[in-house]
Each structure stands twice: as C-alpha cells, then as structure tokens.
Amino acid sequence: MGNIVELFNSQQKRVIFYEVSDAQGLAIWGGESPSEALKWYRNSPPDSKIWVSEWLTDEEDAREMMSPIELTPLVLSTIADCLERWSN
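Residues numbered from 1 in each chain as written. Predicted model: local features only at pLDDT ≥ 70, side-chain atom pairs only at ≥ 80, totals over all residues. Heavy atoms only, no water.

**Focus on the pairing of strand E3 (residues 49-57)**
Rule in force here: Here, any two strands with at least 2 DSSP bridges between them count as paired. For helices the rule is a DSSP run of H or I covering at least 4 residues; for strands it is a run of E covering at least 2, with both sets numbered from the N terminus onward.
The pairing of strand E1 (residues 13-21) with E3 spans nine bridges and is antiparallel. Bridged to Ile-16 within E3 is Glu-54. For E3 and strand E4 (residues 62-70), the ladder comprises six bridges, and the chain directions are antiparallel. Residue pairing for E4: Val-52 is matched across the bridge by Ile-69.

**A short note on the sheet that holds E1**
This is how it is decided: Here, axes are lines fitted to C-alpha atoms. For helices the fit covers the stretch in contact, and angles between N-to-C directions go from 0 to 180 degrees. Residues count as neighbours in contact if any of their non-hydrogen atoms are within 4.5 Å of one another.
Spatially, E2-E1-E3-E4 is the arrangement adopted by the four strands of the open sheet, whose pairing is antiparallel. At either end of the open sheet lies a strand with only one pairing partner, and these are strand E2 (27-31) and E4. Taken over all neighbouring pairs, the strand axes of this sheet differ in orientation by 25 degrees on average, direction set aside. Across the sheet, helix H1 (residues 34-42) lies against E1, E2 and E3, angled at about 10 degrees from E1, the strand it touches most.

**So, a nonpolar patch on the surface**
Defined as follows: A residue counts toward a patch only above 30% relative accessible area and without a salt bridge, and it is joined to like-charged neighbours within 9 Å or, for Val, Leu, Ile, Met, Phe, Trp and Tyr, to nonpolar neighbours within 5 Å. For accessible areas, the Shrake-Rupley method is used with a probe of radius 1.4 Å. Any residue's cover is judged against the shown protein chains and nothing else. Think of a salt bridge as a Lys or Arg side-chain nitrogen and an Asp or Glu carboxyl oxygen that are within 4 Å of each other.
Residues Leu-76, Ile-79, Leu-83 and Trp-86 make up a contiguous nonpolar surface patch of roughly 460 Å² in combined accessible area. Locating Leu-83 in the fold gives a position in helix H2 (residues 72-87).

**What about the environment of Val-15?**
Residue placement: Val-15 occurs in strand E1. The residues contacting Val-15, other than those within four sequence positions of it, are Glu-32, Ser-53, Glu-54, Trp-55 and Thr-57.

**Structural notes on the pattern of salt bridges**
We count it as follows: Accessibility here uses a 1.4 Å probe with only protein chains present; expressed as a share of the type maximum, an area under 20% marks a residue as buried, one over 50% as exposed, and anything in between as partly exposed.
Here the structure, examined in full by the defined rule, presents four salt bridges. Across the pair Glu-54 and Arg-14 runs a salt bridge whose closest N-O atoms are separated by 3.3 Å. In this pair, Glu-54 is assigned in strand E3 and Arg-14 in strand E1, connecting sequence segments 40 residues apart. Residue classification places Arg-14 among the partly exposed positions, given a relative accessible area of 40%. Glu-70 is the salt-bridge partner of Lys-49, the closest N and O atoms lying 3.9 Å from each other. A residue pair is termed long-range when its members are at least 10 positions apart, and Lys-49 in strand E3 and Glu-70 in strand E4 qualify at 21 residues. The class for Lys-49 is partly exposed, based on a relative accessible area of 29%. Using a relative accessible area of 31% as the deciding quantity, one classes Glu-70 as partly exposed.

Written as structure tokens, this is what we have:
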C-alpha cells in the first residue's frame, strides 16, 4: 500500500467538533467547545453519549476527517476519579 498525501487549501480550517447524543443516537448538542459539551452531557438524559470528531471546513463546505470517537467512558472515568480524589 502506498503513502497517501492529503493536500488542503490554506483557506480551510481544521475543527474539533464535540457532540452529545441521546440513547437513540439523536444529537442533543454539537459545537467546538469541550466545556460546553460537558455541560450539555451533564444535563442530558440517562444513557446519553459524548463524541469528538475532526472536520476540515471552509466558507462553503465541511468534510469529516476522522470518524467520531465516543468519549463517554473516558469522561465518566475521569469524573469518578475526581470524585474519589475530592472525597479523601
């Protein structure tokens, strides 16, 4: 398999996109702010999930560069670790 080189226009911008979805996979919130994503996740229905993906965008179009990665287990384990530390 050969090397793949991806060229992109200097007008394009890489964007890290966070999304919170309900248990059925329907988006509740989406945006570029990790702190807002955590706020929305905290106030979302049970069994909601939090995701991150990377996009390449310009004024006219956006293209997903990376499939979404579910962050829910990482977020929950971090919260649990913080709670454990704070309780000691």
